[in-house]
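Here are the chains, one letter per residue:
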Amino acid sequence: MKLELDNLSKHFGELKVLDRVSLTLEDVHALVLIGPSGGGKTTLLRLIAGLEKPDGGGLIINDHPIEFFSEESLREYRKRIGMVFQAYNLFPHLTALQNITLPLVKVHGYNESKALEEALILLERFHLADQAHKKPAMLSGGQKQRIAICRAVAIRPEFLLLDEPTSALDPEYTSEVLDLIGELRDEGMRLILVTHEMGFARQASDYILFVGDGGLIAQGTPIDLFEKQRDERVNRFFNKVLKYN
Ligand SMILES: Nc1ncnc2c1ncn2[C@@H]1O[C@H](COP(=O)(O)OP(=O)(O)OP(=O)(O)O)[C@@H](O)[C@H]1O
Ligand SMILES: [Mg+2]
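Student: Any chance you could explain the pairing of strand 10 (residues 215–220) here in plain terms?
Tutor: Moving residue by residue along a regular strand, the side chains alternate between the two faces of the sheet. Both strand 9 (residues 207–212) and strand 10 contribute to a ladder of five bridges, which runs antiparallel. Note on strand 10: the bridge partner recorded for phenylalanine 210 is alanine 218.

Here it is as structure tokens:
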């Protein structure tokens, strides 16, 4: 996917979370956002998702500017992307299967049987078929998050946005969720991922943005970021997060 930020700004009161940030990425497959807590990763992801409006500047994806001030085009835009958040956001009263089919039917106009067929194919493919008829309370954290990812990709999104999809999980479930994300990437799904899993960021991304201090403190390929960069703020962050890795 092609991603352009054109003097993009987002403030909360006095706080300039993003201050005239510009960037052009021509053909990125897996973009990873890293950086300190409160640095603006979620804000940037929510802007890209059309869930937040900028205070200035623009965002252009695959040569189409996001029309932040037309609710109708925002709604249409959001239908074309998949989103996964930290805390699964599954409907608790529905089964895993129904969680996947509901948006297909209600938002994307599938008929029930087509939705069911699509959902079952996905559940099968990701080894979740045995969980199809369980409600979220009966599933492990890793299973819930994998169902949430199935739900996001069931609509065949143009790209997938994930905000710390493993940070609410017990460590034993982290790798099964990262494996699934890695598989999707290998199949050609374009994704933008916020994560604190540095090993995964390094291995799975083709480009990394280090977000903080109102903008992009550093950016580059995983090799640029992990091996070549010399920014003091980035090094301090790596020293902290990699301390026990
Ligand atoms: N709706 C909001 N209203 C006011 N301030 C906000 C709002 N959303 C975010 N902020 C502030 O903007 C800054 C950036 O927040 P953001 O959630 O984007 O950071 P983050 O990099 O995702 O952090 P974390 O790693 O902790 O998730 C923070 O200081 C946060 O408190
Ligand atoms: Mg965040």
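Now that the structure has been shown, the text picks up again.
Student: Please explain helix 5 (residues 141–154) as it appears in this structure.
Tutor: The periodicity of an α-helix, 3.6 residues per turn, causes residues three or four places apart in sequence to face the same way. For helix 5, built from 14 residues, the straight-helix expectation of 20 Å at 1.5 Å per residue is met to within 8% by its first-to-last C-alpha distance of 20 Å. In terms of burial, helix 5 is largely enclosed, as 11 of its 14 residues are buried. Among all positions in helix 5, only Gln143, Lys144, Gln145, Arg146, Ile147, Ala148, Ile149, Cys150, Arg151, Ala152 and Ala154 are buried. Against the buried residues of helix 5 lie strand 6 (81–84), helix 3 (96–106), helix 4 (112–125), strand 7 (159–163) and helix 6 (171–186). One or two positions beyond helix 5, positive phi appears at arginine 156, with a value near 50 degrees.

Student: Quick question: what am I supposed to make of the site of ligand 1 here?
Tutor: Around ligand 1, the structure places Phe12, Leu15, Val17, Gly35, Ser37, Gly38, Gly39, Gly40, Lys41, Thr42 and Thr43. Elements represented by at least two residues in the shell around ligand 1 include exactly strand 2 (15–25) and helix 1 (41–48). Take the shell around ligand 1: its biggest share by element is three residues, from helix 1. Split by residue class, the shell around ligand 1 holds three nonpolar, seven polar and one charged.

Student: Help me understand unusual backbone geometry, please; the structure alone is not making it clear to me.
Tutor: Negative phi values dominate among residues other than glycine, just as trans dominates among peptide bonds. The backbone phi angle of asparagine 7 is positive, close to 50 degrees, even though this residue is not glycine. Within the secondary structure layout, asparagine 7 lies in strand 1 (residues 3–12). Overall, asparagine 7 belongs to the partly exposed group, with 13 C-beta atoms counted inside 10 Å. Located in the positive-phi region is asparagine 62, a residue other than glycine, with phi close to 50 degrees.

Student: Explain the pairing of strand 8 (residues 191–194) to me, please; I cannot follow it from the model alone.
Tutor: Burial along strand 8 is two-sided: the residues Leu191 and Leu193 and Ile192 and Val194 are all buried. With four bridges joining them, strand 3 (residues 30–34) and strand 8 adopt parallel strand pairing. Note on strand 8: the bridge partner recorded for leucine 33 is valine 194. When strand 7 meets strand 8, the two strands line up parallel, connected through four bridges. When the bridges of strand 8 are listed, aspartate 163 appears paired with valine 194. In the classification by handedness, the crossover that spans strand 7, the intervening helix 6 and the parallel strand 8 is right-handed.

Student: Sorry, what's going on with the packing of helix 3 against helix 5 here?
Tutor: Geometrically, a packed helix pair is captured by the angle between its two axes and the distance between the axes. As a packed pair, helix 3 and helix 5 sit with axes 9 Å apart at the nearest point and diverge in direction by 25 degrees. The angle between helix 3 and helix 5 places the two elements in the roughly parallel class. Regarding helix 3 and helix 5, the two cross each other, and that crossing is right-handed. In this structure, helix 3 contributes Ala96, Asn99, Ile100, Pro103 and Leu104 to the contact, and helix 5 contributes Ile147, Cys150, Arg151 and Ala154. Counted by class, the contact of helix 3 with helix 5 contains seven nonpolar, one polar and one charged residues.

Student: How should I be thinking about the packing of helix 5 against helix 6 in this particular structure?
Tutor: Between helix 5 and helix 6, whose axes approach to 8 Å, the crossing angle comes to 20 degrees. Comparing their axes, helix 6 and helix 5 come out roughly parallel. By crossing handedness, the relation of helix 5 to helix 6 is classed as right-handed. In contact with Gly141, Gly142, Gln145, Arg146, Ile149 and Val153 of helix 5, helix 6 contributes Tyr173, Glu176, Val177, Leu180 and Leu184. Tallied by class, the residues present in the contact of helix 5 with helix 6 amount to six nonpolar, three polar and two charged.

Student: In this structure, what is going on with the sheet that holds strand 4 (residues 56–61)? I would like to understand it.
Tutor: In a beta sheet, neighbouring strands are held together by backbone hydrogen bonds and run either parallel or antiparallel to one another. Across the sheet, four strands lie side by side as 2-1-4-5; this open sheet has antiparallel pairing. With one partner strand each, in any of the chains shown, strand 2 and strand 5 (64–65) form the two edges of the open sheet. Sheet topology places strand 1 next to strand 2; seven bridges connect them, and they run antiparallel. Along strand 2, the bridge assignment pairs phenylalanine 12 with leucine 15.

The rules we used
- Residues numbered from 1 in each chain as written.
- Chains lettered and ligands numbered in written order.
- Predicted model: local features only at pLDDT ≥ 70, side-chain atom pairs only at ≥ 80, totals over all residues.
- Pairing = 2+ DSSP bridges.
- Helix = DSSP H or I, 4+ residues; strand = E, 2+ residues; numbered from the N terminus.
- Expected span 1.5 Å × (residues − 1).
- Buried ≥ 20, exposed ≤ 12 C-beta atoms within 10 Å, placed from the backbone.
- Contact = placed C-beta atoms within 7 Å.
- Near = placed C-beta within 6 Å.
- Nonpolar A, V, L, I, M, F, W, Y, C, P; charged D, E, K, R; others polar.
- Right-handed = clockwise from strand over helix to strand, strands pointing away.
- Axes fitted to C-alpha atoms, helices over the stretch in contact; angles between N-to-C directions.
- Parallel < 35°, antiparallel > 145°, perpendicular 65-115°, else oblique.
- Left-handed = near helix turned anticlockwise from the far one by under 90°.

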